[in-house]
Amino acid sequence: MTTTDDRFAAEFESNDHKPVGYGRMLRKEDPRFVRGKGRYCDDVRLPGMLHLAILRSPVAHARIVSIDTSAAEAHPKVKAVVTGAALAEKGLAWMPTLSGDVQAVLATDKVRFQGQEVAFVVAEDHYAARDALELIDVEYDVLEPVTDVRRALDPGAPVIRDDLEGKENNHVFDWETGDEAATEAVFATADVVVSQDIVYPRVHPAPMETCGCVADYDRIDGRLTLWSTTQAPHAHRTLYAIVAGLPEHKIRVIAPDIGGGFGGKVPIYPGYVCAIVASIVTGKPVKWMEDRSENLTSTGFARDYIMRGEIAASRDGKILAVRTNVLADHGAFNGVAAPVKYPAGFFGVFTGSYDLQAAYCRMTAVHTNKAPGGVAYACSFRITEAVYLIERIVDCLAYELEMDPVELRVRNFIQPDQFPYRTKTGWVYDSGDYEPTMRRAMEIAGYHELRAEQAERRARGELMGIGVSFFTEAVGAGPRKDMDILGLGMADGCELRVHPTGKAVVRLSVQTQGQGHETTFAQIVAEEIGIPPADIDVVHGDTDQTPFGLGTYGSRSTPVSGAAAALVARKVRDKARLIASGMLEVSVADLEWRKGAFHVKGDPGKSVTIQDIAMRAHGAGDLPEGVEGGLEAQICYNPENLTYPHGAYICVVDIDPGTAQVKVRRFIAVDDCGTQINPMIIEGQVHGGLTDGVGMALMEMIAFDEDGNCLGGSLMDYLIPTSLEVPDWETGFTVTPSPHHPIGAKGVGESATVGSPPAIVNAVVDALKPFGIRHADMPLTPSRVWDAMRGAPQPP
Ligand code: MCN
Ligand code: CUM
């Protein structure tokens, strides 16, 4: 099989788009993973370890009348049974969420979503703990649930958060961005205005490994060690210190190998806190691991935005303004993980890749009787929703103007000479060159031939669709002046030590969940300091071993920690230069750095390698005046701005007119993430994100019935794509470096998840054009497509 990757890779890497040295090297972590030697949380087994299981609410909204734990306590293998009331006595029944709300660790007064934590059991083994859950008798007084987000603010709607003083309705926040009056003025005089209701359903990241932890509290020296499925070990440690009142220096959070995070492992879940409490209470290590249903029903969901998009344009296709109104379902507790000043994440980039005159967004967020969460699943802090909105509404406009969707986009692109470009909602895009990326995707796709083929097929009554999307992402949060999580500024520490024999260790604050950091961060350091990646160990995921930083999400590792790694290596190199000048007995100005060695200018024979310098830095003899021994450095990098990767995606679908089944025939993705570190890993990230996109566009939705029962509690009901549903991805790349990142790299980990759903939906809607359909909501399952074809009303 020849993939586009092969066809284009050679050409791509031979031009000036060279990735950093060692480019497509194989992943250093893979020998361990492919042999089944990864070490995940559930592999942690400590002597005397007990097992914790959580009793969860079977109903969405109810007052707790009584809890009888006596039978469970009498179980011979049970060591402790803990309820909300018991936690309340210690002031631990509630914990802060990442968005400044509070969430019940165990319910005391009411349960507020199906699957909420009500009590926990600690037992000698996992099975006994689960068995004992069935012995707990809870009496519930069932209340009317709020499941329809559109009714959450109705007068008389049950108030979910009566725990909050003075709370009289289900309102969470109002938020707006852009200029309402200026936008109204443009809309009032525009030739064409198109408006469309668009729903981005609630979906779940569904990582292979569910959430869990092992808590080990040492009563003698008061130390807590927590192995935990976390994407942000340092931030979690600080929050545990605040919640549990433990001194921070006595807490060690270890994130071992993680079997996929996708944002679902950013929040602190009640289960982690329960395990910590259980270990403190019993004096033994305690393990908690969720099962699949618990993961799907109670951990951070994603999306759940109901949007009205409006676009104003001139008759000849100049887009003038975009306006949107959003109703956001935040579930029972506002557990969204976003920088404090950004309650709607980075949704403000809904103006997309287009040069507009005005834009405005108004959003209302509400509580419903559903699990908390809101930004997981490779969301780039809500850019998924923003890109879906703009790329769907631009297609609606193309439909009304009867224009080709590519031509409409190209006509409105922000031009290369406009960067840095300030959008009408205040985001400053660092760099971009959009049209070549779009043209490259068209070239790989054979866009014009595809359109000709489509015309022929349509004439035969076949349903073929071609969908386009073009996205600009904003990744790499901070800078810290604008961005913090619960007061913790979004900057990243990094530390590099070169040992006497010239081997190195780089210590990161970010934590990989499968993205290949052990490889790519070694590559960044290797490029800067000339030590081969094999000789550079990447240490991460352990707060005792690494400097403070905010963790991995929002594709921030490369933009923030990647920059930190490059700069810390340069700092070491600067010191190495001083030592080299002593060794070669020339002035610093006479030295030239070339791949791993300092050479005396004009005397190529005279040089010292970084390894020679490392030995000298630690060895006998004098160093130049004022230079300390050792060869190491550390920094804390505060990014100047986010980085703004972009991409052009084209999707080709066929719909079976008899069954309404959508088949994704081809998918072409051209991504631009600035300077590439490892093109193979980037392709892997893109392939994964595109697969996510097929899932969301065609299959995935966490639905609820009227009683608030979650209908997506197993992978039989919540469908995720397999290799059978996805095509051979065709990828291509362009490179527009970030001007402020030390090596020009931008993030890429969420690009494809962000960019692909609109391309797929646009393709399906394009295929349905003969039916006069302009929009249909995700997931485009056969039944939804069938209904759309029959003109049936869309589900709410
Ligand atoms: N990379 C590169 N060159 C670039 C940019 C990135 O080689 N110019 C490489 C990086 O070195 C890194 C990978 O691509 O190995 C992703 O980098 P980056 O875009 O910085 O994203 P993060 O490492 O911060 O990863 C987070 C991102 C997010 S937020 C989600 S959600 C997601 C994603 O990554 N979750 C994932 N990809 C995932 N991939 C796997 N396998 N598992 C997850 O849980
Ligand atoms: Cu929003 S999912 Mo990722 O940012 O960890």
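Residues numbered from 1 in each chain as written. Chains lettered and ligands numbered in written order. Predicted model: local features only at pLDDT ≥ 70, side-chain atom pairs only at ≥ 80, totals over all residues. Heavy atoms only, no water.

S.K.: Quick rundown of the site of ligand 2? Include the residues and the values.
M.R.: For ligand 2, the full set of nearby residues is Gln231, Phe262, Gly263, Val375, Ala376, Tyr377, Ala378, Cys379, Ser380, Tyr553, Gly554 and Glu750. Interatomic distance of 3.0 Å between a side-chain N/O atom of Gln231 and an oxygen atom of ligand 2. One nitrogen or oxygen atom from the main chain of Gly554 is found 2.5 Å from an oxygen atom belonging to ligand 2. In terms of residue class, the shell around ligand 2 is made up of seven nonpolar, four polar and one charged. (Near = heavy atom within 4 Å. Polar contact = N/O pair within 3.5 Å; in protein donor to acceptor, adjacent residues only side chain to side chain. Nonpolar A, V, L, I, M, F, W, Y, C, P; charged D, E, K, R; others polar.)

S.K.: Tell me what's going on with the packing of helix H17 (residues 679-698) against helix H18 (residues 751-767), and back it up with residues and numbers.
M.R.: The geometry of H17 relative to H18 is characterised by a closest axis approach of 7 Å and an angle of 45° between their N-to-C directions. The pairing of H17 with H18 is recorded here as oblique in orientation. Judged by the twist between their axes, the crossing of H17 over H18 is right-handed. For the pair H17 and H18, contact is made by Val686, Gly689, Leu690, Asp692, Gly693, Val694, Met696, Ala697 and Leu698 and by Ala752, Thr753, Ser756, Pro757, Ile760, Val761 and Val764, respectively. Here the residues of the contact of H17 with H18 sort into 11 nonpolar, four polar and one charged. (Axes fitted to C-alpha atoms, helices over the stretch in contact; angles between N-to-C directions. Helix = DSSP H or I, 4+ residues; strand = E, 2+ residues; numbered from the N terminus. Parallel < 35°, antiparallel > 145°, perpendicular 65-115°, else oblique. Left-handed = near helix turned anticlockwise from the far one by under 90°. Contact = heavy atoms within 4.5 Å.)

S.K.: A description of the site of ligand 1 should follow, citing residues and the corresponding values.
M.R.: Around ligand 1 sit 33 residues, and of these Gly261, His517, Ser557, Thr558 and Val748 come closest. In the model, an oxygen atom of ligand 1 is placed 2.7 Å from a nitrogen or oxygen of the Gln515 main chain. Relative to its free-state accessible area of 840 Å², ligand 1 is covered by the protein chains to the extent of 95%. Counting only elements with at least two residues in the shell around ligand 1, the list comes to helix H14 (517-529), helix H15 (557-584) and H17. (Areas by Shrake-Rupley, 256 points an atom, 1.4 Å probe, with all protein chains shown as cover.)

S.K.: Describe the packing of aromatic side chains, with residues and values.
M.R.: Enumeration over the complete set of coordinates arrives at 24 aromatic pairs. For the pair Phe413 and Tyr434, a centre-to-centre distance of 5.5 Å together with 75° between the ring planes defines the contact as edge-to-face. Linking Phe413 in the loop between helix H11 (405-412) and strand S19 (421-422) with Tyr434 in helix H12 (residues 434-445), this pair joins segments that are 21 residues apart in sequence. For the pair Phe413 and Tyr434, a shared accessibility class is recorded, and that class is buried. Their ring planes at 80° and their centres at 5.6 Å tell us that Phe419 and Tyr434 sit as a pair that is edge-to-face. With Phe419 in the loop between H11 and S19 and Tyr434 in helix H12, the pair connects residues that are 15 residues apart, well separated along the chain. A relative accessible area of 1% places Tyr434 in the buried class. A network of ring pairs unites the aromatic residues Tyr342, Phe346, Phe381, Trp427 and Tyr553 as a single cluster. Residue placement shows Arg32 over the ring face of Phe33; its charged tip is 4.8 Å from the ring centre. One Lys or Arg, Arg556, reaches over the ring of Tyr553 and ends 5.7 Å from the middle of that ring. (Phe/Tyr/Trp six-rings, centres within 6.5 Å; stacked < 30°, edge-to-face > 60°. Buried < 20%, exposed > 50% of the residue type's maximum accessible area, 1.4 Å probe, protein only. Lys NZ or Arg CZ within 6 Å of the ring centre and 35° of its normal.)

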